[in-house]
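This is what each chain is made of:
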Amino acid sequence: MFIPTTLMVVTPTSMIVIAVVALIIFGPKKLPQFGKAMGSTLKEFKDATKGLATDDDDDDDEEEKKKNQKKIESEV
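In this text, all values refer to a predicted model and were calculated from it rather than measured experimentally.

**Q** Let's hear about the overall build of the protein chain: which residues, and what values?
**A** When helices and strands are counted, the protein chain shows one helix and zero strands. Within the protein chain, the proportion of its 76 residues that are buried is 1%. Taken as a whole, the protein chain presents about 7,400 Å² of accessible surface, with 65% of it coming from carbon and sulfur.

**Q** An account of a nonpolar patch on the surface is needed here, citing residue identities and associated values.
**A** On the surface, a cluster of nonpolar side chains totalling about 560 Å² of accessible area is made up of V17, V21, I25, F26, F34 and M38. By the element assignment, M38 lies in helix α1 (residues 12-75).

**Q** Can you explain the packing of aromatic side chains? Please cite residues and give values.
**A** Under the definition given, this model contains one aromatic pair. Relative to F34, the ring of F26 lies with its centre 4.5 Å away and its plane at 20°, an arrangement referred to as stacked. What makes F26 partly exposed here is its relative accessible area of 35%.

Conventions we followed
- Residues numbered from 1 in each chain as written.
- Predicted model: local features only at pLDDT ≥ 70, side-chain atom pairs only at ≥ 80, totals over all residues.
- Heavy atoms only, no water.
- Helix = DSSP H or I, 4+ residues; strand = E, 2+ residues; numbered from the N terminus.
- Buried < 20%, exposed > 50% of the residue type's maximum accessible area, 1.4 Å probe, protein only.
- Areas by Shrake-Rupley, 256 points an atom, 1.4 Å probe, with all protein chains shown as cover.
- Patch = residues over 30% accessible without salt bridge, like charges linked within 9 Å, V, L, I, M, F, W, Y side chains within 5 Å.
- Salt bridge = Lys/Arg side-chain N within 4 Å of Asp/Glu carboxyl O.
- Phe/Tyr/Trp six-rings, centres within 6.5 Å; stacked < 30°, edge-to-face > 60°.

Printed below as a string of C-alpha coordinates:
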(Lines give C-alpha, C1' and ligand atoms only; values in the text may rest on other atoms or scores of the structure.)
Protein backbone atom coordinates (compact mmCIF):
# COMPACT_ATOMS: atom_id res chain seq x y z
CA MET A 1 0.00 0.00 0.00
CA PHE A 2 1.41 3.36 -1.02
CA ILE A 3 1.02 6.34 1.34
CA PRO A 4 1.74 9.72 -0.21
CA THR A 5 4.35 11.79 1.62
CA THR A 6 1.91 14.70 1.89
CA LEU A 7 -0.04 12.77 4.51
CA MET A 8 2.99 12.69 6.82
CA VAL A 9 3.70 16.43 6.79
CA VAL A 10 3.03 18.23 10.08
CA THR A 11 1.72 21.71 9.33
CA PRO A 12 0.87 24.49 11.77
CA THR A 13 -2.80 23.85 11.08
CA SER A 14 -2.47 20.19 12.03
CA MET A 15 -0.63 21.15 15.23
CA ILE A 16 -3.50 23.48 16.18
CA VAL A 17 -6.03 20.72 15.54
CA ILE A 18 -4.02 18.29 17.69
CA ALA A 19 -3.80 20.88 20.49
CA VAL A 20 -7.57 21.53 20.39
CA VAL A 21 -8.35 17.81 20.46
CA ALA A 22 -5.97 17.30 23.39
CA LEU A 23 -7.58 20.22 25.20
CA ILE A 24 -11.04 18.72 24.66
CA ILE A 25 -9.96 15.23 25.78
CA PHE A 26 -7.85 16.13 28.82
CA GLY A 27 -9.34 19.48 29.81
CA PRO A 28 -7.54 22.69 30.72
CA LYS A 29 -6.68 21.52 34.26
CA LYS A 30 -5.20 18.14 33.34
CA LEU A 31 -3.28 19.23 30.24
CA PRO A 32 -0.35 20.89 32.11
CA GLN A 33 -0.03 17.82 34.35
CA PHE A 34 -0.01 15.57 31.29
CA GLY A 35 2.68 17.70 29.63
CA LYS A 36 4.81 17.66 32.78
CA ALA A 37 4.52 13.88 33.03
CA MET A 38 5.49 13.46 29.39
CA GLY A 39 8.49 15.78 29.84
CA SER A 40 9.77 13.96 32.91
CA THR A 41 9.32 10.61 31.18
CA LEU A 42 11.30 11.82 28.17
CA LYS A 43 14.06 13.16 30.43
CA GLU A 44 14.32 9.86 32.32
CA PHE A 45 14.48 7.96 29.03
CA LYS A 46 17.28 10.19 27.72
CA ASP A 47 19.23 9.84 30.97
CA ALA A 48 18.84 6.06 30.90
CA THR A 49 20.00 5.74 27.30
CA LYS A 50 22.95 8.08 27.91
CA GLY A 51 23.92 5.98 30.94
CA LEU A 52 23.85 2.79 28.87
CA ALA A 53 26.14 4.25 26.23
CA THR A 54 28.50 5.61 28.89
CA ASP A 55 28.56 2.34 30.85
CA ASP A 56 29.74 0.43 27.78
CA ASP A 57 32.63 2.83 27.28
CA ASP A 58 33.54 2.75 30.98
CA ASP A 59 33.69 -1.06 30.99
CA ASP A 60 36.17 -1.04 28.12
CA ASP A 61 38.30 1.59 29.85
CA GLU A 62 38.33 -0.36 33.13
CA GLU A 63 39.42 -3.56 31.38
CA GLU A 64 42.20 -1.69 29.64
CA LYS A 65 43.37 -0.14 32.93
CA LYS A 66 43.44 -3.58 34.61
CA LYS A 67 45.53 -5.01 31.77
CA ASN A 68 47.96 -2.09 32.00
CA GLN A 69 48.17 -2.45 35.80
CA LYS A 70 48.93 -6.18 35.50
CA LYS A 71 51.57 -5.44 32.87
CA ILE A 72 53.22 -2.89 35.18
CA GLU A 73 53.12 -5.29 38.15
CA SER A 74 54.66 -8.12 36.14
CA GLU A 75 57.53 -5.88 35.02
CA VAL A 76 58.40 -4.96 38.62
